[in-house]
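An overview of the molecular structure
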Amino acid sequence: MKRLKFISTIAVGLLFSFIGTFSLAQTFHATVLIDRSGSMTAQTMRNGVVSSRCADALLEADQKVQNIFLPGTQVSVWTYQNSTYSNVTGGFVSKAAALSAINSLGGQSCTGTTPMADTVCDAIDTLKLAAPATYRTLWVLTDGVENSSSGSCSGGSDADGIEPWDATSWQGKIWQQLFPSDTPPYQAAGAGAPEVPIYFGVFGDYIGGRVASRSMDLAGDAPAVSSHTQLVAASSGSGFFDMVAATSGGYVTEIDDQSSLPTSSRFDVDGTGCVDQNDLIKMLPYLDSTVPPAPASLDVNGDLVVDIDDYNLVVANTGLGCGGISK
C-alpha cells in the first residue's frame, strides 16, 4: 500500500489569544512547498474516486491555507520540479491570493525530478526575512527526497541515512540552514533554536520506502529519549524528515494513496489527521512550558506557552477529522 509523505508546517504561532474572542497578536507568515515532480503522477484512490498525488497535494495545500483563518496572515506558495523551484505567489500574499495561486496550478502537469534541498533552503532563507521570527512556519508536501538540486544546498545523500548527518550531504546542508548555531556532526542533541518549524506531508510509499521504529532523542522531549516512527526511503533514509520535524517543532503526516485525505487542523498537534486522545497525551509533558523548548505545534493559541488554554481547545475539538485518517 503506497504512502505519500506530507511535510507540513501547521500554525506554529497562531496569532490570537483565546479570551472569548480572538485578537490579532502579530502577522503570521507561512510558506507552502508543493512537490510537482514526475513521481507525483502516481494514481490514488480515495473514497472510490481515482486521482493522483499531484492533484491531491493541491487539495492538501488548499486545506492548509484555508485553516489559517486569522487576520493579517501572509502566505507564500512555491512549487518545485526538474532542477528548480517557482515562487508562484511572488512573495507573501493574502490568504485569498494564495488560494487563487494554488487553484491556478490545477491545469499544470507534474513532471521531472526533485530539487527539494535547494527549495527548502531558499524557503527557510526567505522566511527568516519575514518578521516577527516567532510567527513563521514551513509546510512541505512531497512523496520523495532530493535528487536534482544544483545550488548551495545540493550534495549527495548522507552515507547511512540516519543522524549525525554528513556536513557535505543535502541533509547536512538543510540542517545547517535550519539550525545555524549547530556544528558538525549535525544531530538533534544540541541543535539549538530552529529558524522555522517544518511540517512534512508525505504521500504514497515514499519512493519504495518503509516505516521502521527506533528510539530518538527529540529536542525538548520529556523524557529525553522517545520511541518514534521513522520514515525510511529506499535509497536515502527519510529518518531525516522525522528528525527535522521533531527537532524544529513540527511533525510528519503520512498520507496513504488509498485513504481519505487527512483533515488539516491546528488542534491536530501530532499530525495524524485526527484530533483525539493522542494529541492530549502529547501535550501533557509540556503543560506550562514555554515555546521553545516545547514544540511550537502544541502552542495552539499562539501565546508562546503550552498551557491549559491550549489543552482545552484540543479537548473541545476532539473527534475532528477522525472519520478517515491516514495512520
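In this report, the structure presented in the accompanying data block is examined. A quick note: this is a predicted structure, and the numbers were derived from the prediction, not measured.

1. Description of the overall build of the protein
Each helix and strand in the protein was counted, giving seven helices and 15 strands. For the protein, with 327 residues in total, the buried portion stands at 56%. Long-range contacts, defined as pairs at least 24 residues apart, comprise 69% of the intrachain contacts of the protein with a sequence gap of at least 6. Here the protein displays about 12100 Å² of accessible surface, and carbon together with sulfur accounts for 53% of that area.

2. A word on the side chain of Ser148
Position of Ser148 among the secondary structure elements: in the loop between β9 (136-142) and α4 (170-178). Judged by its relative accessible area of 16%, Ser148 is buried. A polar contact of 3.0 Å, which involves the side chain of Ser148, links it to the side chain of Thr113. Among the polar contacts listed, one links the side chain of Ser148 to the side chain of Asn147, at a separation of 3.5 Å. Those residues in contact with Ser148 that sit more than four places away from it in its chain are Asn82, Ser83, Thr113, Thr114 and Pro115.

3. Let's talk about the packing of aromatic side chains
In the structure shown here, the tally under the stated rule is five aromatic pairs. Judged by centre distance (4.8 Å) and plane angle (15°), the ring pair of Trp78 and Tyr85 falls under stacked. Owing to a relative accessible area of 29%, Tyr85 belongs among the partly exposed residues under this scheme. Each member of the aromatic cluster is reached from another via a ring pair, and the members are Trp165, Trp170 and Phe240.

4. A closer look at the nonpolar core
By size, the foremost hydrophobic cluster in this structure holds 33 residues, and its most contacted members are Val120, Leu138, Trp175, Ile198 and Phe200. Take this core: its biggest share by element is seven residues, from helix α3 (residues 116-128). Ile34, Ile102, Cys110 and Ile255 belong to the second-largest nonpolar core, a separate cluster that totals 25 residues.

5. A closer look at the packing of helix α1 (residues 53-66) against helix α2 (residues 95-104)
Two elements in contact, α1 and α2, have axes whose closest approach is 10 Å; the angle formed by their N-to-C orientations is 175°. As summarised for this structure, α1 and α2 are arranged roughly antiparallel, according to the angle between their axes. Where α1 abuts α2, its residues Leu58, Ala61, Asp62, Val65 and Gln66 lie against Lys95, Ala98, Leu99 and Ile102. Here the contact of α1 with α2 is composed, by residue class, of six nonpolar, one polar and two charged.

6. Examining helix α7 (residues 308-316)
Those residues of α7 that fall on the buried side of the exposure criterion are Asp310, Tyr311, Leu313 and Val314. Mapping the buried residues of α7 onto a view down its axis gives an arc of 160°, with all of them on the same face. Two or three places before Asp309, at the start of α7, stands the capping residue Asp307, its side-chain oxygen 3.1 Å from that residue's backbone nitrogen.

7. Observations concerning the state of the cysteines
Covalent bonding between the sulfur atoms of two cysteines defines a disulfide. In this structure the tally under the stated criterion is two disulfides. Residue Cys54 pairs covalently with Cys110 via a disulfide, S to S 2.0 Å. Residues Cys54 and Cys110 share a disulfide whose torsion about the S-S bond is about 80°; that sign makes it right-handed. Separated by 56 residues along the polypeptide, Cys54 in helix α1 and Cys110 in the loop between α2 and α3 bring together distant segments of the chain. A residue is classified by how much of its surface remains accessible, and Cys54, at 9% relative accessible area, is buried. On the basis of relative accessibility, which here comes to 4%, the residue Cys110 falls in the buried class. Sulfur-sulfur distance for the disulfide between Cys121 and Cys153 comes to 2.0 Å. The S-S bond linking Cys121 to Cys153 shows a torsion near -95°; that makes this disulfide left-handed. With a gap of 32 residues between them, Cys121 in helix α3 and Cys153 in the loop between β9 and α4 connect regions that are remote in the sequence.

8. Points about the environment of Asp270
Here Asp270 shows up in the loop between β13 (251-256) and α6 (277-283). Between the alpha carbons of Asp270 and Leu280 there is a distance of 9.2 Å; along the sequence they are ten residues apart. Excluding its chain neighbours within four sequence positions, the residues that come into contact with Asp270 are Tyr251, Asn278, Asp279 and Lys282.

Analysis parameters
- Residues numbered from 1 in each chain as written.
- Predicted model: local features only at pLDDT ≥ 70, side-chain atom pairs only at ≥ 80, totals over all residues.
- Heavy atoms only, no water.
- Helix = DSSP H or I, 4+ residues; strand = E, 2+ residues; numbered from the N terminus.
- Buried < 20%, exposed > 50% of the residue type's maximum accessible area, 1.4 Å probe, protein only.
- Contact = heavy atoms within 4.5 Å.
- Areas by Shrake-Rupley, 256 points an atom, 1.4 Å probe, with all protein chains shown as cover.
- Polar contact = N/O pair within 3.5 Å; in protein donor to acceptor, adjacent residues only side chain to side chain.
- Phe/Tyr/Trp six-rings, centres within 6.5 Å; stacked < 30°, edge-to-face > 60°.
- Core = buried A, V, L, I, M, F, W, Y, C linked by side-chain atoms within 4.5 Å.
- Axes fitted to C-alpha atoms, helices over the stretch in contact; angles between N-to-C directions.
- Parallel < 35°, antiparallel > 145°, perpendicular 65-115°, else oblique.
- Nonpolar A, V, L, I, M, F, W, Y, C, P; charged D, E, K, R; others polar.
- Arc of directions from axis to C-beta.
- Disulfide = S-S within 2.5 Å.

On their own, these measurements won't tell you what the molecule is for.
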